[in-house]
Amino acid sequence: MTDDITAPTPVPATSSSPADAYAGDPAVRAEWDTRYADRQQLWSGEPNGALVAEVAGLAPGRVLDVGCGEGADAVWLARAGWEVTALDVSGVALKRAAGHARDAGVTVRWTHAALTEAALPPASFDLVSAQYPALQRTPDAAAERALLDAVAPGGVLLLVHHAGMESRSADDSGFDPADYVWPSMVAALLDEDWEVQVDEERPRVAPDGGAGAHHTDDVVLRARRLR
């Protein structure tokens, strides 16, 4: 079993760690490292309900887990037979995720990078899963295009977010929805090369405990790349 944590260009597990080369904004990494370090466990430790529901019936292949956090989705996918690449900006989160993978006896390739800086092989994943990702919005739609570009022909993009967040106003904590990518922005980029299979709001299958457990509804976008 290997639980390597890599820079954007994979390196052997024995020579890499969450402290190795990170590709992305150092301020974003520091922010998320602080969030994780402030709590022994930030999330519930259970796979996201929308992921479990939407992956049912898919043949396991290569999957990219975007914003993998402490690794619950990545471990669940690996147990289900998927070949998992999981990335996150937080080295603290990736260390925890790697520990969970070791405990579960599964193989996951961990990548310490922002999505837009990860230098992922294009069109190479049968499933790209982004569950409640905090993707920074840019004028050139770099994050949205990175999600789409990673999906192989015949593969599926699954993007899930909290319903109602996109329309919220900026608050005193510094959170401004206008700074982030939402499913509607990705859906707007889908052309004739894509088949939209699901684009809806639905009640959330919420795990007990963990940050974000108070959200009750999801926006689910699932699209298959035709060519």
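For the structure itself, look to the data block above.
Residues numbered from 1 in each chain as written. Predicted model: local features only at pLDDT ≥ 70, side-chain atom pairs only at ≥ 80, totals over all residues. Heavy atoms only, no water.

### Digging into the pattern of salt bridges
Piece 1. What the rule picks out here adds up to 7 salt bridges.
Piece 2. Across the salt bridge formed by aspartate 126 and arginine 62, the nearest N and O atoms sit 3.4 Å from each other. Within this pair, whereas aspartate 126 is found in strand E5 (residues 125-131), its partner arginine 62 is found in strand E2 (residues 62-66), the two being separated by 64 residues in sequence.
Piece 3. Between arginine 96 and glutamate 70 there is a salt bridge; the shortest N-O distance is 2.8 Å. (Salt bridge = Lys/Arg side-chain N within 4 Å of Asp/Glu carboxyl O. Helix = DSSP H or I, 4+ residues; strand = E, 2+ residues; numbered from the N terminus.)

### Details of the packing of helix H1 (residues 26-37) against helix H4 (residues 91-104)
Piece 1. At a minimum axis separation of 7 Å, H1 and H4 run at an interaxial angle of 50 degrees. By the criterion of interaxial angle, the relationship of H1 to H4 is oblique. For the pair H1 and H4, contact is made by Asp33, Tyr36 and Ala37 and by Gly91, Val92, Ala93 and Arg96, respectively. (Axes fitted to C-alpha atoms, helices over the stretch in contact; angles between N-to-C directions. Parallel < 35°, antiparallel > 145°, perpendicular 65-115°, else oblique. Contact = heavy atoms within 4.5 Å.)

### Comments concerning the packing of aromatic side chains
Piece 1. Following the criterion strictly, the structure yields 1 aromatic pair and no others.
Piece 2. On the numbers, 6.2 Å between centres and 40 degrees between planes, the contact of tryptophan 32 with tyrosine 36 is tilted. You can see tryptophan 32 and its partner tyrosine 36 sitting in helix H1, 4 residues apart, about one turn around the helix.
Piece 3. By relative accessible area, which is 2% here, tyrosine 36 ends up buried.
Piece 4. The ring of tryptophan 32 carries the charged tip of arginine 35 above its face, separated from the ring centre by 4.2 Å. (Phe/Tyr/Trp six-rings, centres within 6.5 Å; stacked < 30°, edge-to-face > 60°. Buried < 20%, exposed > 50% of the residue type's maximum accessible area, 1.4 Å probe, protein only. Lys NZ or Arg CZ within 6 Å of the ring centre and 35° of its normal.)

### Notes on the side chain of arginine 222
Piece 1. The topology assignment puts arginine 222 in strand E8 (residues 217-225).
Piece 2. Classification of arginine 222 by relative accessible area gives buried; the value is 13%.
Piece 3. For arginine 222, the side chain forms a polar contact with the main-chain oxygen of glutamate 54, separated by 2.7 Å.
Piece 4. Looking at arginine 222, its side chain comes within polar contact range of the side chain of glutamine 197, at 2.7 Å.
Piece 5. For arginine 222, the residues in contact, after removing those within four places along its chain, are Glu54, Leu58, Val156, Leu157, Leu158, Glu195, Val196, Gln197 and Val198. (Polar contact = N/O pair within 3.5 Å; in protein donor to acceptor, adjacent residues only side chain to side chain.)

### Considering the environment of proline 47
Piece 1. Tracing the chain through its elements places proline 47 in the loop between H1 and helix H2 (49-55).
Piece 2. Once residues within four sequence positions are removed from consideration, proline 47 is found in contact with Val52, Ala72, Asp73 and Trp76.

### Details of unusual backbone geometry
Piece 1. Unlike most non-glycine residues, tyrosine 132 shows phi in positive territory, near 55 degrees.
Piece 2. Following the sequence through the fold, tyrosine 132 ends up in the loop between E5 and helix H5 (142-150).
Piece 3. Not every positive phi belongs to a glycine, and alanine 141 is a case in point at roughly 55 degrees.
Piece 4. Mapped onto the elements, alanine 141 comes out in the loop between E5 and H5.

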